[in-house]
Amino acid sequence: MSLAEPEAQAAVVSKHAHVERVICGHHHRNSQARFAGTIASICPSTAHQLQLDLVPGADIRFTFEPPGFQLHLWDGGGLVTHTAMTEDYPSWGTRD
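Residues numbered from 1 in each chain as written. Predicted model: local features only at pLDDT ≥ 70, side-chain atom pairs only at ≥ 80, totals over all residues. Heavy atoms only, no water.

(A) Summary view of the overall build of the chain. Within the chain one finds 1 helix and 7 strands. When the elements of the chain are put in sequence order from the N terminus, they spell out α-β-β-β-β-β-β-β. What you see for the chain is a C-alpha radius of gyration of 16 Å, clearly larger than the 12 Å of a compact globule of 96 residues, by over 25%. Counting only residues that meet the buried cut, the chain has 22% of its 96 residues in that class. When the accessible area of the chain is evaluated, it comes to approximately 7500 Å², of which 57% is carbon and sulfur surface. (Helix = DSSP H or I, 4+ residues; strand = E, 2+ residues; numbered from the N terminus. Rg over C-alpha atoms; globule rule 2.2 N^0.38 Å. Buried < 20%, exposed > 50% of the residue type's maximum accessible area, 1.4 Å probe, protein only. Areas by Shrake-Rupley, 256 points an atom, 1.4 Å probe, with all protein chains shown as cover.)

(B) Highlighting unusual backbone geometry. The phi dihedral of His28 falls on the positive side, at around 60°, and the residue is not glycine. Take His28: it is sitting in the loop between strand S1 (22–24) and strand S2 (31–35).

(C) Spotlight on the sheet that holds strand S3 (residues 38–42). Strand order in this open sheet of 3 strands is S1-S3-S2, and the pairing throughout is mixed. The outermost strands of the open sheet, each flanked by one partner alone, are S1 and S2. In this sheet, adjacent strand axes meet at a mean angle of 15° when their direction is disregarded. As judged from the 5 bridges shared by S2 and S3, these two strands associate in the antiparallel manner. Bridge pairing links Ala33 to Ala40 in S3. Here helix H1 (residues 6–14) sits on the sheet and contacts S1, S2 and S3; the angle it forms with S2, its principal contact strand, is near 70°. (Pairing = 2+ DSSP bridges. Axes fitted to C-alpha atoms, helices over the stretch in contact; angles between N-to-C directions. Contact = heavy atoms within 4.5 Å.)

(D) How the structure looks around the state of the cysteines. Under the counting rule described, the total for this entry stands at 0 disulfides. The thiol sulfur of Cys24 is not disulfide-bonded, and the nearest other cysteine sulfur, from Cys43, lies at 8.9 Å. Given a relative accessible area of 34%, Cys24 falls into the partly exposed group. (Disulfide = S-S within 2.5 Å.)

(E) Region of the structure containing the environment of His26. The topology assignment puts His26 in the loop between S1 and S2. Overall, His26 belongs to the exposed group, its relative accessible area being 70%. As a C-alpha pair, His26 and Cys43 span 17 residues in sequence and 6.9 Å in three-dimensional space.

(F) Geometry of the side chain of Gln49. Looking at where Gln49 falls in the secondary structure, it is placed in strand S4 (residues 49–50). There is a polar contact of 3.2 Å between the side chain of Gln49 and the backbone oxygen of Pro66. Aside from chain neighbours lying at most four places away, what touches Gln49 is His28, Arg29, Pro44, Arg61, Phe62, Thr63, Glu65, Pro66, Pro67 and Gly68. (Polar contact = N/O pair within 3.5 Å; in protein donor to acceptor, adjacent residues only side chain to side chain.)

Laid out in C-alpha cells, this is it:
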C-alpha cells in the first residue's frame, strides 16, 4: 500500500526539520521506511495482519499473525517506539 500523493505529503513534511517521525496505522503490517528526511512508522493491526509479499502487484492476503500495537515514548531528546503483540504466539528461547 502506498501514499495517495507521496510527493505532496513529502513536500510538507520535509519543510519541517523538527519532525521526528510520521506515525500511522491501520495498515495491517508493521513496517518502517525513510520518508521526506524522517522515518514513516506504520503500526500493525489490532486484528489480523497482511501477509508479507514483496512482489510488486501481488494480491493482498490476510494472515493470522498476532494483533499488535505500538507504544511511543518521547524522552525529550528523541522518540523510542515499542511494538507489542497482544496474543500468544510461538516463541524461541522461552523459559519454563
